[in-house]
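Structural description and commentary
Residues per chain are reported as follows:
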Amino acid sequence: NPYDLLNSGKGDLIAANYTATEERKKYVQFTRPYNIVDQLLVFSDDIESPPQTIEEVAKREIPITVRRNSSYYYRLEELRKNGLNLPIHLVSNTKDTESLLFEISSNNYSATVADDNIFQASNKYMQGIQKGPVIAENDTIAWAIRDNSPALQTELNRFLYDHFRFGEQGEEPK
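For the structure given in this document, a descriptive report is provided here. (Residues numbered from 1 in each chain as written. Predicted model: local features only at pLDDT ≥ 70, side-chain atom pairs only at ≥ 80, totals over all residues. Heavy atoms only, no water.)

1. Some points on the overall build of the chain
Counting its secondary structure elements, the chain contains 7 helices and 7 strands. Seen in sequence order, the chain has helices and strands lined up from the N terminus as α-β-α-β-β-α-β-α-β-α-β-α-β-α. Taking 16 Å as the expected radius of gyration for a compact globule of 174 residues, we find that the chain reaches 17 Å, a close match to that expectation. In terms of its C-alpha atoms, the chain occupies a principal-axis envelope of roughly 50 × 40 × 30 Å. Taken across its 174 residues, the chain has 44% of its residues classed as buried. (Helix = DSSP H or I, 4+ residues; strand = E, 2+ residues; numbered from the N terminus. Rg over C-alpha atoms; globule rule 2.2 N^0.38 Å. Buried < 20%, exposed > 50% of the residue type's maximum accessible area, 1.4 Å probe, protein only.)

Below, the structure is given as structure tokens:
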């Protein structure tokens, strides 16, 4: 578990495309965000007339393949709690989003969830994936750091402020 590694001092940060979720904030601290993304469904090109809404996905009973430790799983569970009967297929937590997209492109699974930036990059070199509806908007992406390291958090926030800054009104983003 990466949280255990961080909080035991065996690691300092998770520097990845990592969504700062409420669930994750129970275990680790986060730096200031360096990106904002939308979560979207991605379908295999075997899916004819891909659904345009999440309600359509539920109605057609298209299984959505995700990892249990992903922010995508927690979002799908929220949608289920709100009354959408979404079929979720869980895979190993060792699979990352890109490998699941590859599985989708190979028609091994019907659908998954990806951040829009990961989909856009993967879509440039993978054939067989189709963009579906957005299921979460404006998720913040940040680095996770261990709970007991405020000095590290300060330094990383300084670095991110200097190198990754969202533009204010009339200002260009970095």
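Next comes the rest of the description.
2. Let's talk about the packing of aromatic side chains
Taken as a whole and assessed by the stated rule, the structure comprises 5 aromatic pairs. The structure contains a cluster of three or more aromatic residues connected by ring pairs, namely Y34, W143, F159 and F164. (Phe/Tyr/Trp six-rings, centres within 6.5 Å; stacked < 30°, edge-to-face > 60°.)

3. Some thoughts on the pattern of salt bridges
By the definition in use, this model includes 8 salt bridges. When the shortest N-O distance is used, the salt bridge between E78 and R75 registers 2.9 Å. Taken together, the residues span about one helical turn, with E78 and R75 both in helix 4 (residues 71–81) at a distance of 3 residues. Judged by relative accessible area, which is 42%, E78 ranks as partly exposed. Given the relative accessible area of 21%, R75 is considered partly exposed. Two residues, K95 and E103, come together in a salt bridge whose shortest N-O distance is 3.3 Å. (Salt bridge = Lys/Arg side-chain N within 4 Å of Asp/Glu carboxyl O.)

4. Description of helix 4
Among the residues of helix 4, those classed as buried are S71, Y72, Y73, L76, E77 and L79. In the segment just after helix 4, G83 is the residue with positive phi, at about 100°.

5. Thoughts on the nonpolar core
Counting 28 residues, the largest nonpolar core has I64, L76 and L86 as its most contacted members. Elements represented by at least two residues in this core include exactly strand 3 (35–44), helix 3 (54–60), strand 4 (64–67), helix 4, helix 5 (97–105), strand 6 (111–115), helix 6 (116–123) and strand 7 (129–145). In contact with I64, other than residues within four places in its own chain, are L41, V57, L76, L86, P87, I88, H89, A111, T112 and V113. Ranked by size, the runner-up nonpolar core spans 9 residues in total, among them I14, A20, F30 and A144. (Core = buried A, V, L, I, M, F, W, Y, C linked by side-chain atoms within 4.5 Å. Contact = heavy atoms within 4.5 Å.)

6. Points about helix 5
Side chains of residues three or four places apart in an α-helix project in the same direction, reflecting 3.6 residues per turn. What helix 5 keeps buried is the set T97, L100, L101, E103, I104 and S105. Where helix 5 terminates, the next one or two residues include N107, which has phi positive at roughly 65°.

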